[in-house]
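# Summary of the model geometry
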Amino acid sequence: MTGEKIIQTIAAFIHQILGAAGLSGIIFIIDPVLCAVAMFGFISLFVMFLVWMERKVSAHMQSRIGPNRVGIFGLLQTVADAVKLTIKEDVKPIHRDVIPYTIAPILAFVATFAGMVVIPFDKGIVVQDLNIGLLYIIAITSFTVIAILSAGWSSNNKFALLGGFRSAAQIVSYEVPLVLSLVPIIMTTGTLRLGGIVDYQAGHRWFIFSQQAIAFFIFITAATAEANRAPFDIPEAESELIGGFHTEYSGVKFAMFFLGEYIAVIVSSAVAVTVFLGGWLPLPFLGFLHLPGFVWFMAKLVFVIYLIMAFRWTFPRLRVDQLMDFGWKVLIPIAILNVLATGFVILLLEGGV
Amino acid sequence: MTDLLLSQIKGGNESQFGTDEYVVNLGPQHPATHGVLRLVVKMDGETVKETIPVLGYLHRSIEKICENRTYPQCITYTDRVDYVSAMSVNLAFALATERLMGLEPPPRAQWLRMVFVELQRIASHLLWMGAFAGDIGALTPFLYGLRERERILDLFEMTCGQRLTYNYIRIGGVMIDILPEFVPKCRAFLDYFEPKIAEYEELLTYNPIFLERTRGVGLISPEMGINNGVCGPSLRGSGVACDVRKQQPYLYYDQVKFTECLEPGGDCWSRYRVRMREIRESVSLVRQCLDRLEPGPIETKLPPILKAPPASEIYSRIESSRGEMGIYLVGDGTAKPYKAKFRCASFSNTYVLDQLTRGWKLADIMAVLGSLDMIVPEVDR
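To keep things clear, this report deals only with the structure shown in the data block. (Residues numbered from 1 in each chain as written. Chains lettered and ligands numbered in written order. Predicted model: local features only at pLDDT ≥ 70, side-chain atom pairs only at ≥ 80, totals over all residues.)

## Here we look at the overall build of chain B
- In terms of regular secondary structure, chain B is built from 16 helices and eight strands.
- Along the first, second and third principal axes, the C-alpha atoms of chain B reach 90 × 50 × 35 Å.
- Considering only contacts in chain B between residues 6 or more positions apart, those separated by 24 or more positions represent 69%. (Helix = DSSP H or I, 4+ residues; strand = E, 2+ residues; numbered from the N terminus. Contact = placed C-beta atoms within 7 Å.)

What follows is the structure in structure tokens.
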């Protein structure tokens, strides 16, 4: 039984119950709400796992043990931390700009979370397989810059302000190579639908194994920068700006930023997996295992996230001007050249010249 | 509209959209300033216009306290001057007092002092490496450095029972003889430690981002360094020979073989290289000292009350982990120093911070401050 069928069965079952209760009129409301709840539950659990994983990975890289007190292998450590953050006093600066200060963490969380909508976890397991999925993700995740900027501005703190401005400059600059690295894929597959891109890879090689490997590296680098992760974590550079834009946030609001950052990592890794690593397709030489596509997807996702974590714990942080230089003078030219080269190859193959 | 643009071009800061300098207080509580150093930084956007170190948050008037204590009692206070390299300060004060009173400790005590001071130098440089890397955003080397430093502290603890403030090097010798198993354990540590240095270097030295952040940053020219009283590894990073162990050998530094580590660059990266090379030199120094250890007394016989000759003074200097550590003592025939002055490397090294960071970015302050290896209690005393 494939994942798609399970989902369809569950949906049919719910629709049946609703129909029996005479509520079939509100199915169009119930469906998205259920999807959102399911997605939120899944994401929350996955983020908790990732925080635990990050601690274990960093501990391993630093020859430490890491959390091992709460639960088996310290698995419940993140739960304990989440509880601590929720019941903590919400300390607010007096001279804050109230509205943006309150909205910013929500926006940071929602903007990244909304990106999960179009991620296909398996064939058919997707909240909404938009035909402009890739464009949608790029557009919606850029909203974080507004959240971070308003957080930095409204905190009325110089460190937060600097962090906000750094972040704005960084995200805007790295948006360009991020999009440019995806353009060759769109040119090759001819679709913006994420499911369609995976389907294309089923018939051909995965893009990571083709000349688009370079695009993969550009994408991962730019995505790391987009998610404000080290070595591009200058907006929250601890040794310079204390906490950067979230210096003045505590308790639940801080947890929202924290969650937002991890979801951003998940979303960009999920896009990387879908676009470059064949999404739910099995590894070419392990196809005989007949594991569900969902398992393959998650395995690849965790692998890509591990890569991003490994970067964080090995590299120093770039300086703000070096970061801009790297984005504009290295990544963007390579990405543009890649677009041109891909176009050229497509022309040659199709004999259009 | 044209008027507005014109006023902007002409007026600079007075125009409607003019920019303004602003002041950021880094510290006294800030994750990057080691301890309670406060930096008042005038900035224009990300660019630093002026850095003013504000000192005194950790001032405990140790020098004044020393004037009210007998000479042996002072040793305990010297531990607190530089808690990362307490052995060096112990040694500096003990040497100054011995020179003031014309005492000569037995050879075993001198060799033991050298062993411990060099081990302390390794420990201090390891902590520095971690903190420096942490300042520029790499968090992992800190744990690596501390892992090996822990082994050194274990050796210290085995000998004198303390891990941070040892009070081990005393006037006329050392506190207590080493245990029989110290020498094999110390050798085992050195054998274990040497490959680890290569590990740190693999992680950091030629890391492209590390190079980007440290090369050409915080340039100290030899003249500038000398004029501003920069000393120790920070000055040797500019290619100036200034090692007190070579220039004015104390203990038995004239009987052991070691090279003075010089790097011509003058930037943060050169200072990093100097310290990494010094760690290797110290390893070889500890080995040589262990070879030369012979059984014997560890203390000279001191009079019951230690009194300095009347109207005597001494300025004695050693090479501590951070640079030249000088102790100036004036004796007046009583059991207490009439005047005590500590010349600490961190204090004079911090002085150049402003000149090094003007016109650079905020993040460079952290890199430069880290590379100068300053310890706040040593600045404030």
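## Some words on the interface of chain A and chain B
- Counting from both sides, the interface comprises 22 residues of chain A and, opposite them, 26 residues of chain B.
- Taken together, the residues that form the side of chain A that touches chain B break down as ten nonpolar, five polar and seven charged. (Nonpolar A, V, L, I, M, F, W, Y, C, P; charged D, E, K, R; others polar.)

## Here's the deal with the environment of L153 of chain B
All names here are of chain B.
- By the element assignment, L153 lies in helix α6 (residues 140-160).
- Sequence-wise, L153 and P53 are 100 residues apart; in three dimensions their C-alpha atoms are separated by 32 Å.
- When near neighbours in sequence (up to four residues on either side) are disregarded, L153 contacts A123 and R163.

## Remarks on the sheet that holds strand β8 (residues 337-343) of chain B
All names here are of chain B.
- Taken together, three strands build an open sheet; the order of strands is β6-β7-β8 and the sheet is antiparallel. Of all strands in the sheet, those with a lone pairing partner are β6 (312-320) and β8, marking the two edges. Sheet twist, expressed as the average angle between the axes of neighbouring strands with direction ignored, equals 15°.
- In terms of strand pairing, strand β7 (residues 323-331) meets β8 through six bridges, oriented antiparallel. By the bridge assignment, L329 is partnered in β8 with A340.
- The strands touched by helix α4 (residues 86-101) are β6 and β7; relative to β6, the strand with the most contacts, the crossing angle is about 150°. (Pairing = 2+ DSSP bridges. Axes fitted to C-alpha atoms, helices over the stretch in contact; angles between N-to-C directions.)

## Re the sheet that holds strand β1 (residues 22-26) of chain B
Residue and element names in this part refer to chain B.
- Judged by pairing direction, the sheet is antiparallel, and its three strands sit side by side in the order β1-β2-β3 without closing on themselves. Strand pairing shows two members of the sheet lacking a second neighbour, β1 and β3 (47-54), which therefore form its edges. Across the sheet, the axes of successive neighbouring strands diverge by a mean angle of 25°, strand direction being ignored.
- Taken together, the seven bridges between strand β2 (residues 38-44) and β3 define a ladder with antiparallel strand orientation.

## Points about the packing of helix α7 (residues 158-189) of chain A against helix α9 (residues 213-226) of chain A
Residues and elements named next belong to chain A.
- Two elements in contact, α7 and α9, have axes separated by 9 Å at closest approach and are oriented at 155°. Considered as vectors, α7 and α9 are oriented roughly antiparallel to each other. In terms of crossing hand, the pair formed by α7 and α9 is left-handed. On α9, the residues that touch Q170, I171, Y174, P177, L178, S181, L182, P184 and I185 of α7 are A215, I218, F219, A222, A223, A225 and E226.
- Partitioned by chemical class, the residues of the contact of α7 with α9 number 13 nonpolar, two polar and one charged. (Parallel < 35°, antiparallel > 145°, perpendicular 65-115°, else oblique. Left-handed = near helix turned anticlockwise from the far one by under 90°.)

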